[in-house]
Amino acid sequence: MGEISNLIANLGFPIACVVGLGAYIYNRDKSMREDIGDFKIPKNVTKCNSMFSGCNNLIIKSLSLEGLKANCNYMFTNCEKITNLDWLNIGDSLISCSNMFSYSGLEYISNLTIDNENVDSMFAYCKKLVSIENLIFNNAKKIVSLFSGCNKLENINGLTIEGEATNAGYLFSGCTSLTNITEMQLPNSLTSIENMFNGAGTGALQIKNLNISNITTSQKKSFYFNQLTSLDLRFDGVIKYNIFTSDFAYKTLLTLNSLISILNALEDRIGNTTLTLNLGPINLNKLNDTQKAIALNKNWTLA
């Protein structure tokens, strides 16, 4: 057992704080390689912020956070040897997970459920992260920049975010390699998606099951994509505002099925003020009169 493990074992945890424990040891001996076996942090610990921050040789075989009511912000940030989370039992009682794995060496995330209110930037700038599969967030209230800066992230197959989060700003900002999002569920409570896809995407980008039902006004650079060759965008729920502003990059690359999905999702405004959807001449030419009528019959004007 390495030095960090020995300290954890010998502390006895008479106090409720191990903030920066690993970072302190790492900064004292940057050549240290730390292999930690199976251990469980005692439940009386309430602060694990930056516990292993900067331990870029850290390898953990098994860790349970079950029953731990603690702040775990930046707990594993900059831990470059952490490539997956198969070793982690994250439990459902943590207080905060902000930046918990930011700048770490994660390469994939799969079959993980996180029950926490604050997951802001939890996986931000994981520059080796390629895929996400069956990742579930329950009771999330803070999700800003959750995957921001993950510039190698290509595929998301199964992402569910439930809870009362209102702001999804910068959620996928800077995910320049993103090509596919399927089976995605965002909170119905969202009221802001500014910069959500700012600088995201490459090649033929496909995004399914996007729900922005509570968004009522134009959002700055929410769909300001990166370098695309085609865009297949499918909506669930209702679209209540003109999403085609100058901040919607590559809208001319939308597939016909994307345009029909958007028209079908438009809010029925019969009896209310007419709104305009600025498709642009290229997209308008993709639609026949029957398809255009989907919007016109809901009291929308196409331009």
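These numbers come from a predicted model, not from an experiment.

**Student:** Sorry, what's going on with the packing of aromatic side chains here?
**Tutor:** Given two aromatic rings, their pairing is described by the distance between the two centres and the angle made by the two planes. Under the criterion given, the structure shown has 15 aromatic pairs. Seen from their ring centres, Phe76 and Trp87 are 5.6 Å apart, and the 75° between their planes marks the pair as edge-to-face. Pair noted here: Phe76 is in the loop between strand E2 (59-64) and strand E3 (88-89) and Trp87 is in the loop between E2 and E3, with a separation of 11 residues, a long-range link. For the pair Phe76 and Trp87, a shared accessibility class is recorded, and that class is buried. Pairing Phe223 with Phe225 gives two aromatic rings, centres 6.2 Å apart and planes at 40°, and the pair type is tilted. With respect to burial, Phe223 and Phe225 carry one shared label: buried.

**Student:** What is the right way to read unusual backbone geometry from this model?
**Tutor:** Glycine aside, a negative phi is what most residues show, and trans is what most peptide bonds show. Of note, the phi angle at Asn78 is positive, near 65°, even though the residue is not glycine. Tracing the backbone through its elements, the reader meets Asn78 in the loop between E2 and E3. In this structure Asn78 comes out as partly exposed when scored by relative accessible area, which is 35%. Phi is positive for Lys221, close to 50°, though the residue is something other than glycine.

**Student:** I'm lost on the nonpolar core in this one. Help?
**Tutor:** In terms of nonpolar packing, the biggest core is built from 89 residues, with Phe76, Phe123 and Phe137 touching the most fellow members. For Phe137, the contacting residues outside a window of four places in its chain are Ile114, Val119, Met122, Phe123, Leu146, Phe147, Leu159, Thr160, Ile161 and Glu162.

**Student:** How do you make sense of the environment of Leu231 when you look at a structure like this?
**Tutor:** Tracing the chain through its elements places Leu231 in strand E9 (residues 227-236). Between the C-alpha atoms of Leu231 and Thr252, which are 21 residues apart in sequence, the distance is 8.6 Å. When neighbours within four sequence positions are excluded, Leu231 is seen to be in contact with Leu205, Phe225, Phe248, Tyr250, Leu253, Leu254, Thr255 and Ser258.

**Student:** Even after reading the chapter, I still don't get empty space enclosed by the protein, so can you show me in this structure?
**Tutor:** If a probe the size of a water molecule is rolled over the atoms, the empty space left behind becomes visible. According to the stated counting rule, one finds 1 cavity of 30 Å³ or more in the structure shown. Here the largest cavity defines a volume of roughly 40 Å³. Forming the boundary of the largest cavity are Ser218, Gln219, Ser222, Phe223, Tyr241, Asn242, Ile243, Thr245, Asp247 and Phe248. Partitioned by chemical class, the residues of the lining of the largest cavity number 4 nonpolar, 5 polar and 1 charged.

**Student:** What's the story with the pairing of strand E6 (residues 155-163) in this structure? I'm lost.
**Tutor:** Looking along a regular strand, one sees the side chains alternate between the two faces of the sheet. Direction of pairing for strand E5 (residues 131-140) relative to E6: parallel, over a ladder of 7 bridges. By the bridge assignment, Glu133 is partnered in E6 with Asn157. As judged from the 5 bridges shared by E6 and strand E7 (residues 180-185), these two strands associate in the parallel manner. Among the inter-strand pairings, Leu159 is bridged to a residue of E7, identified as Met184.

**Student:** I'm lost on the side chain of Gln219 in this one. Help?
**Tutor:** One can find Gln219 in the loop between strand E8 (202-211) and E9. The exposure class of Gln219 is buried, given its relative accessible area of 6%. Engagement of the side chain of Gln219 in a polar contact is seen with the backbone nitrogen of Ile193, the distance being 2.9 Å. At 3.0 Å, the side chain of Gln219 forms a polar contact with the backbone oxygen of Thr217.

How each quantity is defined
- Residues numbered from 1 in each chain as written.
- Predicted model: local features only at pLDDT ≥ 70, side-chain atom pairs only at ≥ 80, totals over all residues.
- Heavy atoms only, no water.
- Phe/Tyr/Trp six-rings, centres within 6.5 Å; stacked < 30°, edge-to-face > 60°.
- Helix = DSSP H or I, 4+ residues; strand = E, 2+ residues; numbered from the N terminus.
- Buried < 20%, exposed > 50% of the residue type's maximum accessible area, 1.4 Å probe, protein only.
- Core = buried A, V, L, I, M, F, W, Y, C linked by side-chain atoms within 4.5 Å.
- Contact = heavy atoms within 4.5 Å.
- 1 Å grid on protein atoms, 1.4 Å probe; cavity = no way out; pocket = protein on both sides within 12 Å on 5 of 7 lines; lining within 4 Å.
- Points joined across faces, edges and corners; volume = space filled by probe spheres on them.
- Nonpolar A, V, L, I, M, F, W, Y, C, P; charged D, E, K, R; others polar.
- Pairing = 2+ DSSP bridges.
- Polar contact = N/O pair within 3.5 Å; in protein donor to acceptor, adjacent residues only side chain to side chain.

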